[in-house]
Every structure is written in C-alpha cells, then in structure tokens.
Amino acid sequence: MRPLRAPAPESFSTRLRGIAVIARVGTWLGVCFGVAFLTGLISHYAQNPDQPVPFPTSPAWGYQVTQGLHVVTGTMAVPLLLVKLWVVYPQLFARPPREIRRLAGEALERVSIAVLVSSAVFLLVSGLANAAQWYPWAFSFRSTHFAVAWIAIGALVVHVAVKIHLVRRGFAEGLDGPDGDPERESADEPAQRANGLSRRGLLRVTWGSAAIAALATAGGTVPWLRDVSIFAVRSGEGPQGVPVNKSAVAAGVVEAAMSPDYRLRVQHGARSVTLTRADLAALTQRTERLPISCVEGWSATADWTGVRVRDLLDLVEAPRGSEVAVVSLQERGAFRRTTLQGNFADDDRTLLALAIGGEDLNLDHGYPARLIAPNRPGVLQTKWVTRLEVAT
Ligand SMILES: Nc1nc2c(c(=O)[nH]1)N[C@H]1C(S)=C(S)[C@@H](COP(=O)(O)O)O[C@H]1N2
Ligand SMILES: [Mo]
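Residues numbered from 1 in each chain as written. Chains lettered and ligands numbered in written order. Predicted model: local features only at pLDDT ≥ 70, side-chain atom pairs only at ≥ 80, totals over all residues. Heavy atoms only, no water.

1. So, the overall build of the protein chain
Assigned secondary structure in the protein chain consists of 11 helices and 10 strands. Here the C-alpha atoms of the protein chain give a radius of gyration of 27 Å, more than 25% beyond the 21 Å that 2.2 N^0.38 yields for 392 residues. For the protein chain, the C-alpha atoms occupy an extent of roughly 90 × 45 × 35 Å along the three principal directions. A total of 392 residues make up the protein chain; the buried ones form 47% of that total. Entry remark: accessible area of the protein chain is about 19800 Å², with carbon and sulfur atoms responsible for 62%. Here the protein chain carries 40 positive and 33 negative side-chain charges, and the mean point of each set is 6 Å from the other. (Helix = DSSP H or I, 4+ residues; strand = E, 2+ residues; numbered from the N terminus. Rg over C-alpha atoms; globule rule 2.2 N^0.38 Å. Buried < 20%, exposed > 50% of the residue type's maximum accessible area, 1.4 Å probe, protein only. Areas by Shrake-Rupley, 256 points an atom, 1.4 Å probe, with all protein chains shown as cover. Lys, Arg positive; Asp, Glu negative; His and termini not counted. Charge placed at Lys NZ, Arg CZ, Asp CG, Glu CD.)

2. Overview of the pattern of salt bridges
Applying the stated criterion across every chain yields a total of 12 salt bridges. Two residues, R286 and D311, come together in a salt bridge whose shortest N-O distance is 3.9 Å. With R286 in strand β3 (residues 286-293) and D311 in helix α10 (residues 309-315), this pair connects stretches of sequence that are 25 residues apart. On the basis of relative accessibility, which here comes to 26%, the residue R286 falls in the partly exposed class. Judged by relative accessible area, which is 25%, D311 ranks as partly exposed. Linking R308 and D348 is a salt bridge whose minimum nitrogen-to-oxygen distance equals 3.8 Å. (Salt bridge = Lys/Arg side-chain N within 4 Å of Asp/Glu carboxyl O.)

3. As for the side chain of Q47
With respect to the helices and strands, the residue Q47 is situated in the loop between α1 (19-46) and α2 (62-88). Exposure remark for Q47: the relative accessible area of 15% places this residue in the buried category. Residue contacts for Q47: discarding those within four places in its chain leaves Y63, R142, V295, P377, V379 and L380. (Contact = heavy atoms within 4.5 Å.)

4. Examining the site of ligand 1
By nearness alone, 19 residues border ligand 1, and P243, N245, Q330, H365 and K383 come closest of all. Between ligand 1 and the protein, one listed contact pairs a nitrogen atom with a side-chain N or O atom of Q330 at 2.6 Å. With respect to ligand 1, the side chain of K383 contributes an N or O atom lying 2.6 Å from an oxygen atom. Protein coverage of the free-state accessible area of ligand 1, which is 530 Å², stands at 98%. (Near = heavy atom within 4 Å. Polar contact = N/O pair within 3.5 Å; in protein donor to acceptor, adjacent residues only side chain to side chain.)

5. A short note on the pairing of strand β2 (residues 271-275)
Here five bridges tie strand β1 (residues 264-268) to β2, and the two strands are oriented antiparallel to one another. Residue pairing for β2: H268 is matched across the bridge by R271. Connecting β1 to the antiparallel partner β2 that follows it, the hairpin turn spans two residues, and G269 within it adopts a positive phi of roughly 60°. (Pairing = 2+ DSSP bridges.)

6. Some details on the nonpolar core
Formed by 33 residues in total, the largest nonpolar core has its most connected members in L264, L280, L312, L313, L340, L352 and L388. Put simply, the parts of the chain that give this core at least two residues each are α7 (248-251), β1, α10, β5 (324-328), α11 (342-346), β7 (351-356) and β10 (385-390). L81, A149, A155 and A210 belong to the second largest nonpolar core, which has 18 residues in total. (Core = buried A, V, L, I, M, F, W, Y, C linked by side-chain atoms within 4.5 Å.)

7. Here's the deal with the sheet that holds β5
Strand order in the open sheet made by the five strands is β2-β1-β10-β5-β6, with mixed pairing throughout. For this open sheet the edge positions go to β2 and β6 (337-340), each flanked by a neighbour on one side alone. On average, each strand axis in the sheet is tilted by 15° relative to the strand beside it, whichever way the strands run. (Axes fitted to C-alpha atoms, helices over the stretch in contact; angles between N-to-C directions.)

8. Here we look at the packing of aromatic side chains
By the definition in use, this model includes three aromatic pairs. Aromatic side chains F37 and W150 sit 5.0 Å apart centroid to centroid with 90° between the ring planes, which places their arrangement in the edge-to-face category. With F37 in helix α1 and W150 in helix α4 (residues 141-173), this pair connects stretches of sequence that are 113 residues apart. The class for F37 is buried, based on a relative accessible area of 14%. W150 sits in the partly exposed class, given a relative accessible area of 43%. Three or more aromatic residues joined by ring pairs make a cluster, and in this case those are F37, F146 and W150. The ring of W86 carries the charged tip of R17 above its face, separated from the ring centre by 4.0 Å. R376 extends its terminal NZ or CZ atom over the ring of F344, reaching a point 5.6 Å from the ring centre. (Phe/Tyr/Trp six-rings, centres within 6.5 Å; stacked < 30°, edge-to-face > 60°. Lys NZ or Arg CZ within 6 Å of the ring centre and 35° of its normal.)

9. Description of the packing of helix α3 (residues 100-131) against α4
For any two helices packed against each other, the geometry comes down to the angle between their axes and how far apart the axes lie. For the pair α3 and α4, the least separation of the axes is 8 Å and the interaxial angle reads 140°. Taken together, the axes of α3 and α4 are oblique relative to one another. Crossing handedness for the pair α3 and α4: left-handed. For the contact of α3 with α4, a count of residues per class yields 15 nonpolar, eight polar and two charged. (Parallel < 35°, antiparallel > 145°, perpendicular 65-115°, else oblique. Left-handed = near helix turned anticlockwise from the far one by under 90°. Nonpolar A, V, L, I, M, F, W, Y, C, P; charged D, E, K, R; others polar.)

10. Examining the packing of α1 against α2
For the pair α1 and α2, interaxial distance at closest approach is 7 Å and the crossing angle is 150°. Here α1 is positioned roughly antiparallel relative to α2, judged by the angle of their axes. The handedness of the crossing between α1 and α2 is left-handed. Split into classes, the residues belonging to the contact of α1 with α2 amount to 20 nonpolar, eight polar and one charged.

11. Points about helix α6 (residues 199-218)
Between its first and last C-alpha atoms α6 spans 28 Å; for 20 residues at 1.5 Å apiece the expected length is 28 Å, and the two agree. Among the residues of α6, those classed as buried are R199, G201, L202, L203, T206, A210, A213, A214, A216, T217 and A218. On the buried face of α6, the contacting elements are α1 and α2. (Expected span 1.5 Å × (residues − 1).)

Next up, the structure:
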C-alpha cells in the first residue's frame, strides 16, 4: 500500500499546466484586468461630484464605449480566471523551501497571490452581481469595488514583475515545445497525451468561453449583438425602445409625476422661476440624439426632445460655468439628487427632456421631465426632475 501523502505539484498532470499555457491565459487575463481597471477609473471619476479637471462632454458616446468595455472585459475575465486558477493550483502544494531566506521570499509571494486572487474574485463577483442588479450586500458598491480594484491592480503589478521571465519563456517555448519545467514531467505523461485535451484544445476552449462571455454582454452596448446577448437582459426592452432602470412605481413617484400640481422650479439664489409642464413645452424645443449608458453596461441611443438646460438657467441669470443640483420628485434613494457640473450644464446638447422619439416620455423614463446630457453615466441622467438649483 502506498503511504498516504499530501499531493505535490508532480502529482498533477503537467501536460496542460506548463508555462506555455499559463503565459498565454495569464496575458489575456492581465489585459482584461488592465482594460477593466482603466475604464473603471474613468467611470468612477465621471461619477465624482467634485472634478478638479472637468469630465469632458464629448464625444457623446464616450462613456457608452468605456463602460461597455468595462463590463465586457470584466465578464471575459471570469472564464479566463477560472482556467488560470485550474492551471496553476497544483503549485499550491509545493513543499516550502528549507532555506530561511527563500522561505521568507516564498511566503511573501504566496501572500501577494492570496491577495491577488481574493481581490480579483471579489471584483468579478461583485461586478457581475451589480450588472445583474442583484445587491446582496450592505456596503456601497461603487466605493468598495473601486478600493478593491486598487488592491487587485497593485497585487497584479507585483505578480507580473515576479513572473515576467516565466511569461517570456512560456511564449518563446511555443505550444508544441517541452513543458516549461522538465523536472515536473510526470510519469503517466505519454498515456495522457494519447487521449484527452491538448494544450491547443484547452486554449481553444478558453478563448471560446471568453468570446461567449463577451458576446453575451456586448449586446448591451452594440445593437446588432442584442439577439445573442443572453445576459444583457435589458437591452432594447422597455417602453419607447429604451430599457428602464428604475420604474416610477419602484421610485414611488407615480402620484407626484402625474399630478396637475407638478412644477419645475429653477432657482438661483433669490431668483427663481416656476414652470408647469405646459410652460416647458412652450419654450424652444431642441432634439438631440444621445445615449443612456448605464454603469451596468447596457446602453441605448434615442432622440430626445426638450428644453436646453442652459436656456432654463438663463431664465434665472445663472452665470456660465455654474454647477447645478438636479433634484427628482423621488423622495428616497441615492440618485434622487445629482450634480450637473458647469461644463455639462452649459453644453448645448444637455436637455431637460420631455419626449423620446417624438412621443411624450413614458412615466418610467422620467415623465414629466428628465435630464439627458452627452457623455454622462446613466445613473446621473436624473428622472422625474422637479428642481434645478444653481450653486451660488
Ligand atoms: N430619479 C432617478 N433617476 C434615475 C434613476 C433613479 O433610480 N432615480 N436611475 C438612473 C439610472 S441608474 C439609469 S441607467 C437611468 C436609466 O434611465 P431609463 O430608466 O429611462 O432608461 O436613469 C437614471 N435616473
Ligand atoms: Mo444605471
């Protein structure tokens, strides 16, 4: 009988686990995390009420593209991370070195990998849950996801620095070369090579899964991919061809929004004007083709008609560059009040919209009036607007 022993890296088949495979999967995983990190920084900054450098209003579709990429690369990272972990996990069973300096070095590396893996898993799980509008936690999604992203990217930079020589070797070696680590060639190798998955086969399955993950989410942004986007549930669905994020019922605004007592108040210090919806409809109307781009990755472009916010601000003589608080009829919730930065308020395309595609706004899209501005995260496109307060 063989004595019972803990497995060692050699106990696992090494055929698929050499550095040739690890380097390739790892590189694409790193690219996905890199793109998701940069686009995530953009999204975080765009949602910051205080912007030392104003977030640009052009191109109007900028946030649609960056946030679409954020969600697509994050979703693609899921199969890539699973394959990467499967390929490398036998190394968890490596025996610790005896020499104290090497032991300390390896302990440090293992801690950094534990941090990398746990933060990466946290980002992907919380991101997917958010995109599915499932919030099983009590913490603030945006600040936690943002903070953990810095931890993950820091650990990733360390990991790449430590492993870059192996990555080079893995690419240089090619997929048909010997395994990167000849000592780890296991005894049953020839038998396994005869049947089962090859390295190329494993990589094909991996790229295929990543492509499916991408297609399944990209339809949230790219209209002609909608039919294959099984995950992008909200694309194109909803009244007037635009998905609904929060309905009027869920926001508790039905009565106030339908009431003949509805007014829009524009306020600038002691000056203010109060307008009914008919007053708003009697002002000069503009039509702009602009997307709504939700942080969850979906977006939809529509023709919005309404009054220029700048025209409304002129009624109360607000100076150019003024920051404006946009206040909703909604009484509770984080998005009931948003900050419209000066450059957004002054942009000619920024509207208080009354209609989509020539029809009065659906109640769920923010009737009687909603904000729509270019290159702005969907979460800041406030619906059921009842007040514009110019900061003084
Ligand atoms: N008052 C209010 N406005 C809101 C929201 C909200 O919850 N309350 N949700 C925002 C989010 S997250 C998005 S993506 C857009 C979606 O607009 P739509 O539902 O008309 O597509 O509205 C934004 N405006
Ligand atoms: Mo959103």
